[in-house]
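# Architecture at a glance
The residues making up each chain are set out below.
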Amino acid sequence: FPVTIQATLEMLYHLAQQDGLFVGTSAALNLRAAYELGIKYRGQNKKIVTFICDHGSRYTTKVLNRNYLSSIGMKLRNLDGQEVMLGTTAVVKRK
């Protein structure tokens, strides 16, 4: 099931901001694919299983850094399709 980088990052941010899950890109990709399949098969009594297979600590300087994402022109949308304002602060700050 194809999932774009954009959709993966949107899921990663959603999980961090809405669900308090600090996952990596592999987990975000898996969960986004499961989410899309859930939409596709809604009401058809299907079961979708995936794994949260990594954590986000390796991604704090790039993927989770709002300044970096802005610098490469990445615009994120939430799962409802509304644009997420990235601002200037990182989602996760390193100590």
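Residues numbered from 1 in each chain as written. Predicted model: local features only at pLDDT ≥ 70, side-chain atom pairs only at ≥ 80, totals over all residues. Heavy atoms only, no water.

## A word on the side chain of Asp54
- Mapped onto the elements of the fold, Asp54 is located in the loop between α2 (25–40) and α3 (66–71).
- Arg58 provides the closest opposite charge to the buried, unpaired Asp54, separated from it by 4.0 Å.
- Within the structure, Asp54 has its side chain in polar contact with the backbone nitrogen of Gly24 (distance 3.3 Å).
- Of note is the side chain of Asp54, whose polar atom sits 3.0 Å from the backbone nitrogen of Ala27.
- Contacts of Asp54, omitting those with residues within four sequence positions, involve Val23, Gly24, Thr25, Ser26, Ala27 and Tyr59. (Helix = DSSP H or I, 4+ residues; strand = E, 2+ residues; numbered from the N terminus. Buried < 20%, exposed > 50% of the residue type's maximum accessible area, 1.4 Å probe, protein only. Lys, Arg positive; Asp, Glu negative; His and termini not counted. Salt bridge = Lys/Arg side-chain N within 4 Å of Asp/Glu carboxyl O. Polar contact = N/O pair within 3.5 Å; in protein donor to acceptor, adjacent residues only side chain to side chain. Contact = heavy atoms within 4.5 Å.)

## Points about the packing of aromatic side chains
- For the structure shown, the criterion picks out zero aromatic pairs.
- Across from the ring centre of Tyr41, 5.6 Å away, lies the NZ or CZ of Lys46, which sits over that ring. (Phe/Tyr/Trp six-rings, centres within 6.5 Å; stacked < 30°, edge-to-face > 60°. Lys NZ or Arg CZ within 6 Å of the ring centre and 35° of its normal.)

## Structural notes on helix α1 (residues 5–18)
- Over its 14 residues, α1 runs 20 Å from end to end, which matches the ideal 20 Å to within 8%, given 1.5 Å per residue.
- For α1, the set of buried residues is Ala7, Thr8, Leu9, Glu10, Met11, Leu12, Tyr13 and Leu15.
- Where α1 is buried, its residues meet α2, α3 and β1 (76–77).
- Gly20 sits one or two residues past α1 and shows a positive phi near 70°. (Expected span 1.5 Å × (residues − 1).)

## Considerations on the pattern of salt bridges
- All chains considered together, the criterion is met by two salt bridges.
- Here Glu10 and Arg32 are joined by a salt bridge, their closest N and O atoms 3.9 Å apart. Within this pair, whereas Glu10 is found in helix α1, its partner Arg32 is found in helix α2, the two being separated by 22 residues in sequence.
- Classification of Glu10 as buried rests on a relative accessible area of 10%.
- Taking relative accessible area as the criterion, Arg32 reaches 10% and is therefore assigned buried.
- Here Arg32 and Glu36 are joined by a salt bridge, their closest N and O atoms 2.9 Å apart. Here Arg32 and its partner Glu36 are both found in helix α2, four residues apart, which amounts to about one turn of the helix.
- Ionic contacts of the salt-bridge type, sharing partners, join the residues Glu10, Arg32 and Glu36 into one network.

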